[in-house]
Amino acid sequence: MQLKPLTVIVVIAISIFACKEDNSVEIEYNKELAEIVEEEKILEFGFDRKNYEFKRDTIKSGDTFGVILERNNIGYPDIFQIAEKAKDTFDIRKLQVGKPYTLLYAKKNLKDSIQKPTTFIYQNNLEDYVVIDFRDSIQAYRSKKPVTYVEKTATGIIESSISSTLEDKGLSQKLAYKMADEIYAWTIDFRRLQKGDRFKVIYTDKFIDDSIYAGVHNVKAAYFEHNGDSLYAFEFETDSIKGIVDYFNEDAKNLRRAFLKAPVQFSRISSRYNLKRRIAVYGYKVRPHKGTDFAAPIGTPIMATANGTVVESTRRGGNGKFVKIRHNDTYSTQYLHMSRQAVKKGEFVKQGDVIGYVGMTGNTGGPHVCYRFWKNGKQVDPFKQKLPEAKPISDSLKIKYLEYVKPIKQRLDDIFFLEAEPKIKENTITEDPIL
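Not measured: the values here are computed from a predicted model. (Residues numbered from 1 in each chain as written. Predicted model: local features only at pLDDT ≥ 70, side-chain atom pairs only at ≥ 80, totals over all residues. Heavy atoms only, no water.)

(A) Summary view of the overall build of the protein chain. Looking only at helices and strands, the protein chain has six helices and 25 strands in total. Within the protein chain, the proportion of its 435 residues that are buried is 40%. Across the protein chain, contacts joining residues at least 24 apart in sequence account for 62% of those joining residues at least 6 apart. Counting only carbon and sulfur atoms, one obtains 51% of the accessible surface of the protein chain, whose full area is about 25,500 Å². (Helix = DSSP H or I, 4+ residues; strand = E, 2+ residues; numbered from the N terminus. Buried < 20%, exposed > 50% of the residue type's maximum accessible area, 1.4 Å probe, protein only. Contact = heavy atoms within 4.5 Å. Areas by Shrake-Rupley, 256 points an atom, 1.4 Å probe, with all protein chains shown as cover.)

In structure tokens, the structure reads:
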């Protein structure tokens, strides 16, 4: 009978403690719920979609920054102020026709009789954009959309060509370019592939905002069987300061030459180097052609065929707009008839960097780039030169390289060839936007 009061006290104490515990759990639950609600904000360009109306358009002929804002109820005194504040971040005169832009309107102000945007956003490309925010104080900044890289593997067996094999499998044609022009350009002639040749690749696709496909980012490793040879290729950075990346085989031998075969992708040679060329227009007199012409549409990117320093980026006579690069004491290259240059004198460029765009400046009958090649100060035919191999891997890096490629080679070897859809493995890495 004496235990009953004690039992009651214990029960009450347990109940009180339980209530406290439950309350704590409820507080934690509410806190987590609030965090989830916070995470569910839908952001675009860093702005909450719930708070803004997004009006999208593209820059049209005749559009200027001032015209666009005036058309959207912002007066010229304000436009001038906005432009002045933004000029250190973005030159508003450089709006390009066809590029997208977005105007943001605060939803709380949409009932106003005169609706004015609060923010102008200009997209240079799928990834980069400029924000000019004039809500309270005027500010301008550059940013990037979040980028996701998805690592994949694929295989293919050649029936007719590398392009048709990739197309049949629903794979990007950029893989064909990377294998033909970047990786195996000097070891495989892709115009002479044989039926039954086959390949495996480990590559990375790039996505913007998790949904916009931005193409093949890079090829990490490849394997190609051709003419009875087994050809491995592994991507490896040899110079972290200059960001130089090359492809090497399993024995650390460089697969590339110091020069690309052509300065433009997917082009055709319209006129070769010919010192005995005769032209009807000039009465069939000998008019030497000391360059190689690659026909391509206006605006096609022109690439540096090797690492080097830009020694000229100018316009002169029949050459039109051109860029000249000195690669070393022996070799120089020149790229004529550009619509515009993308580099300046003194810049260091890497093999494959875009240095300008195909045009028709100077003396030319159609859009092309005239590619000129100097050896020891004399113009020569690049296709008849025994060009040097790309810089070999250093002894200090060789051990590191062999350790690095060992597991990657094993991955390649473990991939089975499939005649149907390619086997795809994904490993997703997301980059936060850079503000």
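(B) Looking closely at the sheet that holds strand S7 (residues 139-144). Read across the sheet, five strands follow the order S3-S4-S5-S6-S7 without closing on themselves; strand pairing throughout is antiparallel. Of all strands in the sheet, those bounded by a partner on one side alone are strand S3 (52-58) and S7. Between one strand axis and the next, the sheet turns by 20 degrees as a mean value, whatever way the strands run. Sheet topology note: the strand S6 (residues 128-133)/S7 ladder contains six bridges and is antiparallel. (Pairing = 2+ DSSP bridges. Axes fitted to C-alpha atoms, helices over the stretch in contact; angles between N-to-C directions.)

(C) How the structure looks around the side chain of Asn254. Along the chain, Asn254 turns up in the loop between strand S12 (244-248) and strand S13 (268-271). Among residues more than four places away in sequence, those in contact with Asn254 are Asp246, Tyr247, Phe248, Ala390 and Lys391.

(D) Summary view of the environment of Val311. Here Val311 shows up in strand S18 (residues 308-316). Using a relative accessible area of 29% as the deciding quantity, one classes Val311 as partly exposed. When the C-alpha positions of Val311 and Lys345 are compared, they lie 5.3 Å apart, and in sequence the two are 34 residues distant. Ignoring any residue separated from it by four or fewer positions in sequence, one finds Val311 in contact with Lys324, Ile325, Arg326 and Lys345.

(E) Highlighting the packing of aromatic side chains. A full pass over the atoms with the stated rule returns 21 aromatic pairs. Note on Tyr223 and Phe417: the rings are 6.5 Å apart at their centroids and 45 degrees apart in plane angle, and the pair reads as tilted. Of this pair, Tyr223 sits in strand S10 (residues 212-226) while Phe417 is found in the loop between helix H6 (395-414) and strand S25 (427-431), placing the two residues 194 residues apart along the sequence. Summarising the burial analysis for this pair, Tyr223 and Phe417 share the class buried. (Phe/Tyr/Trp six-rings, centres within 6.5 Å; stacked < 30°, edge-to-face > 60°.)

(F) Here's a closer look at the pairing of S10. As paired elements, strand S9 (residues 198-208) and S10 share 10 bridges and run antiparallel to each other. The residue bridging Arg198 from the neighbouring strand is Glu225, located in S10. Relative to strand S11 (residues 229-239), S10 is paired through six bridges, and the arrangement is antiparallel. Its bridge partner being in S11, Phe224 is matched across the sheet by Leu231.

(G) Quick peek at the pattern of salt bridges. Counting across every chain of the model gives 21 salt bridges. Asp91 is the partner of Arg93 in a salt bridge, and the nearest nitrogen-oxygen pair spans 2.9 Å. Overall, the relative accessible area of 71% leaves Arg93 in the exposed class. (Salt bridge = Lys/Arg side-chain N within 4 Å of Asp/Glu carboxyl O.)

(H) Quick look at the layout of surface pockets. Volume-wise, the largest pocket comes out at about 1,200 Å³. What lines the largest pocket is a set of 43 residues, among which Ile244, Val245, Asn307, Lys350 and Gln351 lie closest to the centre. Elements that contribute at least two residues to the lining of the largest pocket include exactly helix H5 (174-183), S10, S11, S12 and strand S17 (301-303). Taken together, the residues that form the lining of the largest pocket break down as 17 nonpolar, 13 polar and 13 charged. (1 Å grid on protein atoms, 1.4 Å probe; cavity = no way out; pocket = protein on both sides within 12 Å on 5 of 7 lines; lining within 4 Å. Points joined across faces, edges and corners; volume = space filled by probe spheres on them. Nonpolar A, V, L, I, M, F, W, Y, C, P; charged D, E, K, R; others polar.)

(I) Here's a closer look at the nonpolar core. Residues Ile162, Met179, Tyr184, Phe190 and Phe224 are the most contacted members of the largest nonpolar core, which totals 24 residues. Counting only elements with at least two residues in this core, the list comes to helix H4 (162-168), H5, S9 and S10. Per element, the largest residue contribution to this core is five residues, and it comes from H5. Once residues within four sequence positions are removed from consideration, Tyr184 is found in contact with Met179, Phe190, Ala222, Tyr223, Phe224, Leu231, Tyr232, Ala233 and Leu255. (Core = buried A, V, L, I, M, F, W, Y, C linked by side-chain atoms within 4.5 Å.)

(J) Fine view of H5. The buried fraction of H5 amounts to eight of the 10 residues, a majority that puts the element mostly inside the structure. Restricting attention to buried positions, one finds in H5 the residues Leu175, Ala176, Tyr177, Lys178, Met179, Ala180, Glu182 and Ile183. On its buried side, H5 packs onto H4, S9, S10, S11, S12 and S17.

(K) Inspection of the confidence of the model for the protein chain at higher detail. Summary statistics for the protein chain give a mean pLDDT of 83 and a share of 83% for residues scoring 70 or more. Throughout residues 1-21 the model reports pLDDT below 50, and contacts reaching past four residues in sequence, or to other chains, amount to zero contacts. Every residue in residues 420-425 is under pLDDT 50, and counting partners more than four places away or in other chains gives 15 contacts. (pLDDT = per-residue confidence, 0-100.)

(L) Structural detail: the side chain of Lys324. Here Lys324 shows up in strand S19 (residues 320-326). Of the side chains with opposite charge, Glu312 comes closest to the buried, unpaired Lys324, at an N-O distance of 4.8 Å. Each residue touching Lys324, except ones within four places of it in the same chain, is listed here: Thr309, Val310, Val311, Glu312, Ser332, Thr333, Gln334 and Trp374. (Lys, Arg positive; Asp, Glu negative; His and termini not counted.)

(M) Representation of H6 in the model. Its 20 residues place the ends of H6 29 Å apart at the C-alpha level, agreeing with the 28 Å of an ideal helix rising 1.5 Å per residue. The axis of H6 is deflected most strongly, by about 30 degrees, at Lys406, and proline Pro407 appears within four residues downstream. Listing the buried residues of H6 in full gives Leu397, Tyr401, Val405, Ile408 and Leu412. Taken together, the buried residues of H6 touch S9, S10, S11 and S12. (Expected span 1.5 Å × (residues − 1). Bend = angle between axes of the 7 residues up to and from the residue.)

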